[in-house]
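This is what each chain is made of:
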Amino acid sequence: MILWVLCLVLVLWFAIFRYRRRNMYRLAKHITGSKDELPGIGVAHRLVGNTEEIMYSLQQLSYESIHNNGIIKGWLGHILYFVVVDPVDLEVVLKSCLEKDDLHRFIRKIIGNGGIFAPVSIWRRRRKIMVPAFSPKILENFVNVFSEQSQILTNKLSNCANGKIFSIWHYLSTYTLDSVCETAMGVHIEAQSNKDLPFLKSMNRVLNLVTERIFHLWLQADWMYRLFWFKHSEHDQCVGVMHKFTDEVIKRKRASIIAEKQNKTETGVEFDLGTYQMKTFLDLLITFSGGDKGYNDVELREEVMTLTVAGTDTSAVAIGYTLKLLGKYPHIQEKVYQELLDVFEGSDRPLIKEDLMKLTYLERVVKESLRLFPPVPFIIRKVLEDIKLPSGRVLPAGSGVVVSIWGIHRDPHYWGPDAEHFDPDRFLPERLNLAHSTSFMPFSSGPRNCVGYQYAMMSIKTALSTVLRKYKVVGDPEPGPIPSMRVKLDVMMKAADGYQLALERRPTA
Ligand code: HEM
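Residues numbered from 1 in each chain as written. Predicted model: local features only at pLDDT ≥ 70, side-chain atom pairs only at ≥ 80, totals over all residues. Heavy atoms only, no water.

The UniProt entry lists Cys450 under the feature "binding site: heme" (unreviewed entry), expressed in the numbering used here. Secondary-structure assignment places Cys450 in the loop between helix H19 (412–415) and helix H20 (453–470). (UniProt positions renumbered as here; feature names shortened; annotations may be inferred. Helix = DSSP H or I, 4+ residues; strand = E, 2+ residues; numbered from the N terminus.)

In structure tokens, the structure reads:
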């Protein structure tokens, strides 16, 4: 009898659940589903396995979307997602769906309500304050930091420039971390010289733990995660280290501002984390948010942590892919080197901001690398109300949109039959004829796009030019125009081999 009642309750609950979501089911019917969907679980079975297998499945879903006029649907249990690659439809999606998907809540545990994953109500104000801090006039001042840090990177690489294969990932990620910490907070953390830096170790570890949580359903509910107490406590410990470090910097920054106001020199304030540079993002965020009446310490920490997390691995990944691609295509690397010889006239002087504008071929190479290997291959947004797309299809409220940057960048409708070829000259002004501006969007598009894209391009070009003036990437030529690269999804898309390559010293270096 009890069993019958339980069954009845269950059936009733299910009927009400379906009835409430009838609009979603009705609209979803008009959009083709992925070919491997299973009843009840949808495509969930395709998103298991290691980070390489998950990335592979998401790539396959993107190709399916390309072959189905730019959109397919995929259920993850009861949650409905659309994988979209049509740039015309995506322009509308990225303008009207500004709320981030719930999966981002795991990263929010690290950076709180920092702009990147904050709810729209909080994000709007934060974005307004952050945008002026990224104006070109301010960014120009950072080129010296990138240049100095790139010199350190090049020196550190000298031990590896012996033609033997090694993983360059640690070198690149510490270069970007040092650059971001100096420009964002004004501190020299010297990650490039200090492999065991607690901040760095904690950041790397906590990002691994977050990726694991995103893709393992059984780790998602907070109460379940607490059962895995060793992971949970390690997670909290890492977040604690990162917060403590950032809080200390903010405390000292506030103190230095007070000291300055009292007409004391900055050297009067003891500061053992490093030397301050004026006009770091921290200075600018304090000023632009209203000084004393602006951001409180928690808000400041959230914003600085956002910049650190958003700006470190992304740029390192882009530099890593570009170096690997240049190793695969020696003739393209030689053209980059010729341009460097022309711009620097064979001297070994450090790069200055005026050089960046002149490195036009390098810029095309970086863009082509970002097209084929976008560090952020997918963005997920929530659909809060039904939205009619230019193609006539309607996305129902309550669903999620997976914006496949990977797919958009490889769609032959927009990039031609050679979409998968590595061809930097497709970015030549006379050849680049993008039918739609969102066909190329490694930094996303619309009101919530990446605020750091100019910063990133400057940092990436500075590091690449400094390294490539001194070293040649050798040893892995690709037989055809389509570069093969094993990739994995580890918060962003990374090379599965840890960016293994070999370097040789240039004779002039
Ligand atoms: C190659 C390097 C980079 C790539 C590919 C990249 C890509 C992206 C993407 C795809 C988004 C998401 C936008 C969306 O949801 O539509 C984003 C957001 C963001 N990025 Fe970047 N990024 C890079 C470097 C940087 C750097 C260096 C910084 C800062 C120093 C930065 C700061 C941010 C911030 C603050 C946001 C949040 C914007 C908002 O929600 O208003 N990024 N980035």
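Picking up after the structure, the text goes on.
Under the definition given, this model contains 36 salt bridges. When the shortest N-O distance is used, the salt bridge between Arg393 and Asp86 registers 3.9 Å. With Arg393 in the loop between strand E5 (387–388) and strand E6 (394–395) and Asp86 in the loop between strand E2 (79–84) and helix H4 (87–96), this pair connects stretches of sequence that are 307 residues apart. Assigned by exposure class, Arg393 and Asp86 land together as buried. Linking Lys137 and Glu140 is a salt bridge whose minimum nitrogen-to-oxygen distance equals 3.9 Å. Placement of both Lys137 and Glu140 in helix H7 (residues 136–140) is noted, with a separation of three residues, approximately one turn of the helix. Linked through salt bridges whose partners overlap, the residues forming this network are Lys35, Asp36, Arg46 and Glu64. (Salt bridge = Lys/Arg side-chain N within 4 Å of Asp/Glu carboxyl O. Buried < 20%, exposed > 50% of the residue type's maximum accessible area, 1.4 Å probe, protein only.)

Let's shift gears to the packing of aromatic side chains. If you walk through the whole model with that rule in mind, you get 21 aromatic pairs. With a centroid separation of 6.1 Å and an interplanar angle of 70 degrees, the aromatic rings of Phe142 and Tyr455 are classed as edge-to-face. Placement of Phe142 in the loop between H7 and helix H8 (143–157) and of Tyr455 in helix H20 is noted, with a sequence separation of 313 residues between them. With respect to burial, Phe142 and Tyr455 carry one shared label: buried. Taking 5.1 Å as the distance between ring centres and 50 degrees as the angle between the ring planes, the aromatic pair formed by Phe199 and Phe245 counts as tilted. Taken together, the residues span a long stretch of sequence, with Phe199 in helix H10 (residues 198–215) and Phe245 in helix H12 (residues 229–261) at a distance of 46 residues. You'll find Phe199 and Phe245 in the same group, each marked buried. (Phe/Tyr/Trp six-rings, centres within 6.5 Å; stacked < 30°, edge-to-face > 60°.)

Taken together, 28 residues are adjacent to the ligand, and Lys100, Trp123, Arg381, Ser444 and Cys450 come closest. At a separation of 2.7 Å, an oxygen atom of the ligand approaches a polar side-chain atom of Arg127. Listed by contribution, the elements that provide at least two residues to the shell around the ligand are helix H6 (120–130), helix H14 (297–328), strand E4 (378–382) and H20. Of the residues forming the shell around the ligand, the biggest block, six residues, is contributed by H14. Classifying every residue of the shell around the ligand by side-chain character gives 17 nonpolar, seven polar and four charged. (Near = heavy atom within 4 Å. Polar contact = N/O pair within 3.5 Å; in protein donor to acceptor, adjacent residues only side chain to side chain. Nonpolar A, V, L, I, M, F, W, Y, C, P; charged D, E, K, R; others polar.)

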